[in-house]
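Commentary on secondary and tertiary structure
One-letter residues, chain by chain:
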Amino acid sequence: MIEFLQDIDRELLLGINGSDSLYLDRLVRTLTNGLTWIPLYLSLFYMVMKNNDNFRRLLLVLGGAGLCILLAGTVDDEIVKPLVARWRPTHDPQIGILVDIVDGYRGGKYGFFSAHASNTMSIATFFCWLARSRRLSIALVIWSLVNCWTRLYLGVHFPGDILVGLIWGITVGTGVYFLYRRMTRGMYTPRNLNPAQYTTTCYRRLDCNWPVAVFIYTLLFVFIKACIL
């Protein structure tokens, strides 16, 4: 059964991986670069700053985001990947020569499961619970899925690596949020706020729209950059 699933995984990957488009190659290499998303991280930090007047609660939000990265990515890279030792597609003895390589990028030897998928989805899930803004939630989930697609395009992860990474990311993000809520239970003062202006967790909707706008403008910048360079 495991070998059967791995064969399906290989077939799916070869159907998704790469293209003959230099434009897409440039686009994907930029999208998968963590530096590209620094403005998004800063906009999320701004949103949290604007909506948390309690300094301890602010630190706990930042600590929660850091814990998401620690549990989702570091545990994967330092424990799971070496323990499972599943080859990345680019290093797989069976299909490695069939995988399209972009700019010589092959990644490390092992790829189960995807840290990109688990990291981005854990952050997306944590902030979805935290802010309870529909627009922000949609934008962050799309952001995570875009990162997942780039890993398949580059041939450095199998679809199964991505799927497990997403599941682990959702689990981590949800667990960290409920830990955060438990630790901040006594820090909230009940307030009757206009639901048209504030979410159910008292985040101002206009502030939640800042990361959405930054995400959209970042995508536009990346698309334009890939055309020029």
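Going by the structure above, here's the rest.
These numbers come from a predicted model, not from an experiment.

1. Section: the layout of surface pockets
In this structure, the second largest pocket spans a volume of roughly 410 Å³. For the second largest pocket, the lining is made up of 23 residues, of which Tyr41, Ile69, Asn119, Ile123 and Trp143 are closest to its centre. Mapped by element, the contributors of at least two residues to the lining of the second largest pocket are α3 (38-50), α4 (55-84), α5 (115-131) and α6 (134-153). The leading source of residues in the lining of the second largest pocket is α5, at 6 residues.

2. Overview of the environment of phenylalanine 158
You can see phenylalanine 158 is positioned in the loop between α6 and α7 (159-183). Sequence separation between phenylalanine 158 and asparagine 51 is 107 residues; the distance between their C-alpha atoms is 39 Å. Residue contacts for phenylalanine 158: discarding those within four places in its chain leaves Asp9, Arg10, Leu13, Arg86, Trp87, Arg88, Pro89, Asp92, Ile95 and Leu152.

3. Brief notes about the pattern of salt bridges
Scanning all chains against the criterion turns up 9 salt bridges. Of the charged contacts in the structure, one is a salt bridge between aspartate 103 and arginine 29, with a shortest N-O distance of 3.9 Å. One end of the pair, aspartate 103, is in the loop between α4 and α5; the other, arginine 29, is in helix α2 (residues 22-31), and 74 residues separate them in sequence. The class of aspartate 103 is exposed, set by a relative accessible area of 64%. Note that arginine 204 is salt-bridged to aspartate 207, the shortest N-O span being 3.6 Å. You can call arginine 204 partly exposed: its relative accessible area is 32%. Counted as one network, the salt bridges with shared partners bring together Asp7, Arg10 and Asp92.

4. Overview of the nonpolar core
Among the nonpolar cores identified, the biggest contains 46 residues, and Met47, Val48, Phe126, Phe127, Leu130, Leu140 and Tyr203 are the most heavily contacted of them. Setting aside residues no more than four positions away along its own chain, leucine 140 makes contact with Leu40, Leu44, Ala124 and Phe127. Core analysis: the next-biggest nonpolar cluster, separate from the first, contains 5 residues, Val28, Val102, Tyr153 and Leu154 among them.

Analysis parameters
Residues numbered from 1 in each chain as written. Predicted model: local features only at pLDDT ≥ 70, side-chain atom pairs only at ≥ 80, totals over all residues. Heavy atoms only, no water. 1 Å grid on protein atoms, 1.4 Å probe; cavity = no way out; pocket = protein on both sides within 12 Å on 5 of 7 lines; lining within 4 Å. Points joined across faces, edges and corners; volume = space filled by probe spheres on them. Helix = DSSP H or I, 4+ residues; strand = E, 2+ residues; numbered from the N terminus. Contact = heavy atoms within 4.5 Å. Salt bridge = Lys/Arg side-chain N within 4 Å of Asp/Glu carboxyl O. Buried < 20%, exposed > 50% of the residue type's maximum accessible area, 1.4 Å probe, protein only. Core = buried A, V, L, I, M, F, W, Y, C linked by side-chain atoms within 4.5 Å.

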